Amino acid sequence: MSTHPVGMPRPADSELKACCVQAYSGDVVSLLLGESYHPGGFGLTRQLADQLTLRPGGRVLDVACGPGATARLLATEYDVSVDGIDLAPAVLARARADAATAGLADRVRFHEGDSDALPFPADTFDVVICECALCLFPDKQSAAAEFARVLRPGGRIGLTDVIIAESGLPPELTDLTAYISCIADARPADGYIGLLTTAGLRVSTVRNHDHAVTAMLDHIEARIKLLRITAPDTLRANGLDRALAARYLNAARQAVADGSLGYTLMVAEKPR
């Protein structure tokens with residue numbers, strides 16, 4: 001399903017990937033979101049981990065790991081080893097430094113790589129986690145196939161992601177900025193289930209967490225207001241257009257309210 005408006009071409013895959021790398025490598029993302037770059041934060045990460053029944057000594061792949069906050073949490077609280085993969089070298093450098101500082105360099109490793117060509121052999125991981133990132137991947141089916149390939153038989157994949165209504169989104173949430181913000185190329189829940197099923201995975205859990213999007217929008221709005229007072233030069237230096245940000249926040253909040261935008265948690269298993 002395509003959500004971009006008629007007459008507006010979908011950005012090329014290479015353009016989307018380059019823009020996402022640039023956007024998530026910038027300081028403005030961490031300024032607004034903190035360590036956890038997805039709705040629900042660490043609380044939802046723990047819910048996902050509990051649904052996946054992580055076991056001590058297990059091996060986990062964190063796809064689109066960002067600065068490594070989830071990887072560190074899983075290694076520390078669930079006693080697993082974690083490989084994180086991301087396209088942004090600057091973000092990976094920060095992730096490696098933070099893991100070393102936390103004394104986790106032996107159990108948390110980070111790699112530069114792409115979701116649709118994971119640099120790991122088949123049947124490597126007990127669990128694959130992908131938080132609010134499948135919606136960003138231009139080739140979602142290839143990514144889902146790669147998740148299945150690197151999972152061991154009986155392994156599980158856990159997703160949290162933006163979902164949209166079958167009718168799509170309003171035009172103001174479908175331009176390039178919206179693509180980078182995880183919105184414009186999101187799918188209905190059934191669309192993600194279809195991707196996983198086609199990849200040979202069996203979906204066992206689907207849970208709605210729309211409130212996590214609203215909470216994140218409220219958090220971003222509060223951070224912008226605070227930074228506008230305490231650090232206006234920082235906002236300007238990072239190129240944040242407050243008027244544009246306010247327009248997107250309001251449009252996204254309305255989309256959640258009318259049911260066209262939401263958030264889901266899914267768990268699927270690779271058959272033995």
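As the structure is a prediction and not an experimental result, all values here were calculated from the model. (Residues numbered from 1 in each chain as written. Predicted model: local features only at pLDDT ≥ 70, side-chain atom pairs only at ≥ 80, totals over all residues. Heavy atoms only, no water.)

Undergrad: What exactly am I supposed to notice about the sheet that holds strand β7 (residues 261–269) here?
TA: What holds strands together in a sheet is hydrogen bonding between their backbones, with the strands either parallel or antiparallel. The strand order across the open sheet built from seven strands is β3-β2-β1-β4-β5-β7-β6, with neighbouring strands paired in mixed fashion. Since the sheet does not close on itself, it has two edges, and those belong to β3 (108–112) and β6 (202–208), each with one partner. Recorded for the sheet is a direction-independent mean angle of 20° between the axes of neighbouring strands. Bridge count between strand β1 (residues 59–63) and strand β2 (residues 81–86): five bridges; the pairing is parallel. In the sheet register, V60 faces β2, and the bridge partner there is V82. Strands β5 (151–164), β6 and β7 of the sheet are contacted by helix α9 (residues 210–230), whose axis makes an angle of about 130° with β7. (Pairing = 2+ DSSP bridges. Helix = DSSP H or I, 4+ residues; strand = E, 2+ residues; numbered from the N terminus. Axes fitted to C-alpha atoms, helices over the stretch in contact; angles between N-to-C directions. Contact = heavy atoms within 4.5 Å.)

Undergrad: Explain helix α4 (residues 69–78) to me, please; I cannot follow it from the model alone.
TA: Because each turn of an α-helix spans 3.6 residues, side chains separated by three or four positions in sequence point in the same direction. Extensive coverage of α4 is indicated by the burial of eight of its ten residues. A69, T70, A71, R72, L73, L74, A75 and Y78 are the residues of α4 that are buried. Elements in contact with the buried residues of α4: α3 (41–51), β1, β2, α5 (89–101), β3 and β4 (125–131). Remark: D79 follows α4 within two positions and exhibits a positive phi of approximately 55°. (Buried < 20%, exposed > 50% of the residue type's maximum accessible area, 1.4 Å probe, protein only.)

Undergrad: Looking at this model, I keep getting lost on unusual backbone geometry. Mind explaining?
TA: The phi torsion at A64 lies on the positive side, around 60°, for a residue other than glycine. Inspection of the secondary structure puts A64 in the loop between β1 and α4. Exposure remark for A64: the relative accessible area of 29% places this residue in the partly exposed category. With a phi angle near 60°, D123 is a residue other than glycine that sits in the positive phi range. For D123, the location among the structural elements is in the loop between β3 and β4. Its relative accessible area of 40% is what places D123 among the partly exposed residues.

Undergrad: Mind showing me how you'd approach the environment of G103 here?
TA: With respect to the helices, strands and loops of the structure, G103 is situated in the loop between α5 and β3. Its relative accessible area of 53% is what places G103 among the exposed residues. A sequence separation of 31 residues divides G103 from R72, and the C-alpha atoms of the two residues are 9.8 Å apart.

Undergrad: How should I be thinking about α3 in this particular structure?
TA: Within the sequence span of α3, burial applies to G41, L44, T45, L48 and A49. One side of α3 carries all its buried residues, which in axial view fall inside an arc of 145°. (Arc of directions from axis to C-beta.)

Undergrad: Teacher, can you tell me more about the packing of α9 against helix α11 (residues 242–257) here?
TA: A pair of packed helices is captured by two measures, namely the crossing angle of their axes and the spacing between those axes. Interaxial distance between α9 and α11 falls to 10 Å at its minimum, and their mutual angle equals 160°. Comparing their axes, α11 and α9 come out roughly antiparallel. Handedness of the crossing formed by α9 with α11: left-handed. For the pair α9 and α11, contact is made by D210, V213, T214, L217, D218, I220, E221, I224 and R228 and by R242, A245, L249, N250, A252, R253 and V256, respectively. Per-class residue counts for the contact of α9 with α11 are eight nonpolar, two polar and six charged. (Parallel < 35°, antiparallel > 145°, perpendicular 65-115°, else oblique. Left-handed = near helix turned anticlockwise from the far one by under 90°. Nonpolar A, V, L, I, M, F, W, Y, C, P; charged D, E, K, R; others polar.)

Undergrad: What exactly am I supposed to notice about the pairing of β4 here?
TA: Regular strands have side chains that alternate between both faces of the sheet. Counted residue by residue, β4 has six buried out of seven residues, so it is predominantly covered. Relative to β4, β1 runs parallel, the two being bridged by four bridges. When the bridges of β4 are listed, L61 appears paired with V128. Across six bridges, β4 lies against β5 in parallel orientation. Within β5, the position partnered with I129 by the bridge is G158. Handedness of the β4-helix α6 (residues 140–150)-β5 crossover: right-handed. (Right-handed = clockwise from strand over helix to strand, strands pointing away.)

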